[in-house]
Amino acid sequence: MTKVYKQKIRVRVAPSPTGNLHVGTAQSALYNFLFARHHGGEFILRIEDTDKERSKPEYEKNIMAGLEWLGLKWDEFYRSSERSIHYEKYLQKLLDEKKAFWCYHTIEELEEEKKEQMKKKEAPRHICGHKYQEPTGKEKQIIRLSVDENSTRVISFQDSVRGLIEFEQKVVGDLSLAKDLKIPLYNFAVVVDDCEMAISHVIRGEDHISNTPKQILIFEALGTAVPQFAHLPLLLGTDRSKLSKRHGPTSLDQYREAGYLPEAIVNFLALLGWTGKDSREILTKNEIIEQFRLEDVHKSGAVFDIKKLNWINSQYIKMFNDEGLVEEARPFIEKYFGEQPKEMIIKIAPMLRERLEYFDQVKEFKFFFTEPEYDPELLVWKKSDKPGAKKALEKAKEILESKVEWQIFDEKYIRSELDRLAEAEFVGDRGAVYWPLRVALSGEKFSPDPVQIMNILGRDKTLTRIEKATHK
RNA sequence: GGCGCAUUCGUCUAGUGGCUAGGACACAUGCUUCUCAGGCAUGUAACAGGGGUUCGAUCCCCCUAUGCGCUACCA
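Rules used in this analysis
- Residues numbered from 1 in each chain as written.
- Chains lettered and ligands numbered in written order.
- Predicted model: local features only at pLDDT ≥ 70, side-chain atom pairs only at ≥ 80, totals over all residues.
- Pairing = 2+ DSSP bridges.
- Helix = DSSP H or I, 4+ residues; strand = E, 2+ residues; numbered from the N terminus.
- Right-handed = clockwise from strand over helix to strand, strands pointing away.
- Domains from an automatic or database assignment.
- Contact = placed C-beta atoms within 7 Å.
- Buried ≥ 20, exposed ≤ 12 C-beta atoms within 10 Å, placed from the backbone.
- Core = buried A, V, L, I, M, F, W, Y, C linked by C-beta atoms within 7 Å.
- Axes fitted to C-alpha atoms, helices over the stretch in contact; angles between N-to-C directions.
- Parallel < 35°, antiparallel > 145°, perpendicular 65-115°, else oblique.
- Left-handed = near helix turned anticlockwise from the far one by under 90°.
- pLDDT = per-residue confidence, 0-100.
- Expected span 1.5 Å × (residues − 1).
- Bend = angle between axes of the 7 residues up to and from the residue.
- Near = placed C-beta within 6 Å.
- Nonpolar A, V, L, I, M, F, W, Y, C, P; charged D, E, K, R; others polar.

1. Quick notes on the pairing of strand E3 (residues 76-79)
Now for step 1: Relative to E3, strand E2 (residues 42-47) is paired through four bridges, and the arrangement is parallel. Pairing of Leu45 across the sheet is with Phe77, part of E3.
Now for step 2: In this fold, the crossover linking E2 to E3 by way of helix H2 (residues 57-69) has right-handed handedness.

2. Looking at the domain arrangement of chain A
Size of an interface, as often reported, equals the accessible area lost when the parts are brought together.
Now for step 1: Domain boundaries assigned for chain A yield domain 1 (10-78 + 188-235), domain 2 (85-186), domain 3 (322-368) and domain 4 (376-470).
Now for step 2: Its C-alpha centre places domain 1 at a distance of 23 Å from the equivalent point of domain 2.
Now for step 3: Of the residues lining the interface, 20 residues belong to domain 1; the matching set on domain 2 comes to 22 residues.
Now for step 4: Elements with a minimum of two residues in the side of domain 1 that touches domain 2: helix H5 (186-196), helix H6 (212-222) and strand E11 (228-232).
Now for step 5: Among the elements that make up the side of domain 1 that touches domain 2, the one with the highest residue count is H6 (eight residues).

3. Things to note about H6
Now for step 1: In terms of burial, H6 is largely enclosed, as eight of its 11 residues are buried.
Now for step 2: Taken together, the buried positions of H6 are Thr212, Pro213, Lys214, Gln215, Ile216, Leu217, Ile218 and Ala221.
Now for step 3: Against helix H3 (84-96), strand E5 (142-145), strand E6 (154-159), strand E7 (163-168), H5 and E11 lie the buried residues of H6.
Now for step 4: Looking one or two places after H6, you find Gly223, whose phi comes out positive at around 75°.

4. Examining the nonpolar core
Now for step 1: Counting residues in hydrophobic clusters, the biggest one holds 116 residues, and the most contacted among them are Leu30, Ala329 and Val433.
Now for step 2: A per-element tally of this core places helix H1 (residues 23-38) first, with nine residues.
Now for step 3: For Val433, the residues in contact, after removing those within four places along its chain, are Ala392, Ala396, Leu418, Leu421, Ala422 and Phe426.

5. Comments concerning the packing of helix H13 (residues 386-402) against helix H14 (residues 411-425)
Now for step 1: Interhelical geometry of H13 versus H14 gives an angle of 140° and a closest axis separation of 10 Å. The angle between H13 and H14 places the two elements in the oblique class. Every pair of crossing elements has a handedness; the one defined by H13 and H14 is right-handed. Where H13 approaches H14, its residues Lys391, Lys395, Ala396 and Ile399 are matched on the opposing element by Glu417, Leu418, Leu421 and Glu425.

6. Looking at the confidence of the model for chain A
Now for step 1: When pLDDT is averaged along chain A, the result is 94; 99% of the residues meet or exceed 70.
Now for step 2: Confidence estimates for the predicted assembly give a pTM of 0.95 and an ipTM of 0.95.

7. Looking at helix H11 (residues 322-337)
Now for step 1: Here H11 contains 16 residues, and its C-alpha end-to-end distance of 20 Å is more than 12% below the 22 Å for a straight helix at 1.5 Å per residue.
Now for step 2: Maximal helix bending in H11 amounts to about 45°, located at Ala329; proline Pro331 follows within four positions.
Now for step 3: On its buried face, H11 is in contact with helix H12 (342-355).
Now for step 4: Count one or two residues on from H11 and you reach Gly338, which has phi positive near 75°.

8. Some thoughts on the protein's contact with RNA strand B
Now for step 1: Neighbouring RNA strand B are 64 residues; Ser16, Glu48, Ala123, Tyr186 and Ser300 lie closest to it.
Now for step 2: Where the surface near RNA strand B is concerned, the elements lending two or more residues are helix H4 (107-119), E7, strand E8 (176-180), strand E13 (302-303), helix H10 (306-318), H12 and helix H15 (431-442).
Now for step 3: When grouped by side-chain class, the residues that make up the surface near RNA strand B number 23 nonpolar, 18 polar and 23 charged.

9. Structural notes on the pairing of strand E1 (residues 10-13)
Side-chain positions along a regular strand alternate between the two faces of the sheet.
Now for step 1: The alternating pattern of E1 places Arg10 and Arg12 and Val11 and Val13 on opposite faces, both of which are buried.
Now for step 2: In the sheet, E1 pairs with E2 via four bridges, with the strands oriented parallel. Each residue of the ladder has a partner; that of Arg10, found in E2, is Glu42.
Now for step 3: At this point the chain moves from E1, through H1, to the parallel E2, and the crossover so formed is right-handed.

10. Points about unusual backbone geometry
Now for step 1: One non-glycine residue, Lys121, lies in the positive phi region at around 60°.
Now for step 2: In this fold, Lys121 is placed in the loop between H4 and E5.
Now for step 3: Even without being glycine, Val427 reaches a positive phi, approximately 40°.
Now for step 4: Mapped onto the elements, Val427 comes out in the loop between H14 and H15.

11. What to know about the sheet that holds strand E9 (residues 183-184)
Now for step 1: Read from one edge of the open sheet, four strands run E4-E5-E8-E9, paired in antiparallel fashion. Looking at which strands have only one partner, the edges of the open sheet turn out to be strand E4 (100-103) and E9.
Now for step 2: Both E4 and E5 contribute to a ladder of four bridges, which runs antiparallel. Paired with Ala100 across the two strands is Leu145, which belongs to E5.

12. Details of the packing of H1 against helix H8 (residues 262-271)
Now for step 1: Relative orientation of the contacting elements H1 and H8 amounts to 85°, with a least axis distance of 10 Å. Accordingly, the angle class assigned to the pair H1 and H8 is roughly perpendicular. Judged by residue contacts, Ala26, Gln27 and Leu30 of H1 engage Val266, Leu269 and Ala270 from H8.
Now for step 2: Taken together, the residues of the contact of H1 with H8 sort by class into five nonpolar, one polar and no charged.

13. Some words on the environment of Asp322
Now for step 1: Mapped onto the secondary structure, Asp322 falls in helix H11.
Now for step 2: Classification of Asp322 by C-beta neighbours within 10 Å gives partly exposed; the count is 15.
Now for step 3: Considered as a pair, Asp322 and His130 are 192 residues apart in the sequence and their alpha carbons are 73 Å apart.
Now for step 4: Discounting chain neighbours no more than four positions away, the residues touching Asp322 are Ile346 and Ala349.

This is how it looks when you write it as structure tokens:
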């Protein structure tokens, strides 16, 4: 079933630290991780910080923290900026072998060339007129790979997820490698790194498909084996364009802060671009690792559907026991309501488990932690009136004061008593009793059941809140 | 403009040369009769279009359309 590889599986994720960890990068990292673990191979993190201007240490930190949070532990770590001797060595070699050359054209000249090509409906690229002899009186600009523009060769590769992909070599042109010996450009740095790190499979987003022929040319110039490529589908926004900020939160830490569980995110991201052999949708990381195959990765992009994520996350929340739930929910509760005793949180745990999609929603339970504020009109049940609400509250209070044993709070008994009250005073309309009670206790239009709230609030708070409501 | 990739319910997807095209999320309805949530049940909803090949195409081939990606001395 599972494909067996002769060589050691080594894969990498190579984010550039020019922003916080993007969910798309996280997904790409996840697929690399899954593939590596499935085959007992190595997963490498390589920070691609060749762009000095845009790379920031805090982004690097954010990326690493995000991957760790998801549980995607890497086996080796590298940083491009610390590898300049390697780039320099290979650059010099290519120059010596005349496979690469210094280009003397200025950016303006390049733009002019591109404009001409567009006009002639040709592929925009640079074909250097002085590949082998240096012009006089001009300044060196950039190092390029010498690519035969007259070749009829078709560069092809077998993509693990898409099958055969082909490009005509003549559309590539003399591609740029480095600004100088010390400053490599992306495509060159990637190839040198992948080759030196003995990367067996390059698994990355499909936005890199058109970089692939260029990189193959560089691999060939270097005289090294070309790795196996696998291009992943993109994560899409609701308008089906590449997922970006305007579609909503795109950086992983925003989901972390909102109280999504890493296991749920992993599950969701895995399913968004891949389907396992069995039809279950809630899968543990180990189950995914076991089933994961590049051949089962989808070819087309998937819309990032937050509602599905919410559902998956709620499924994970439902799996917690009370203790576990307290631990997860506590930081969010304390963020909004200050320090809270564990006994308090554990009381509402069953309610949280039933109602939460993500932990930031604990703020909707504010009535447990602060006095409710509400419009007195809200106390009035739709089929009743103001005096009716007052009467219901007063009568309910009597029952709760006299008949309820608060130490051994019996929800069933209280309900039966309140039902009797409805029967006796409100012709069996239970809403007339329960609605004002709920509002008095929670201050909300939508809330959990009032008897449950009483149980959590306890005798004193319950009675004061009801008392207060009768005066509104 | 060039090059590349893609196309099954609103969304994520399963699927096969002959099926009532399956599931999940979302949505709707009903029940659980205080609201909301949850749970349970039910329902609406899809093979982009046109040509072939074939007894028969969602599935194989071609074309078209549409969408997306790349098109840097960014990564």
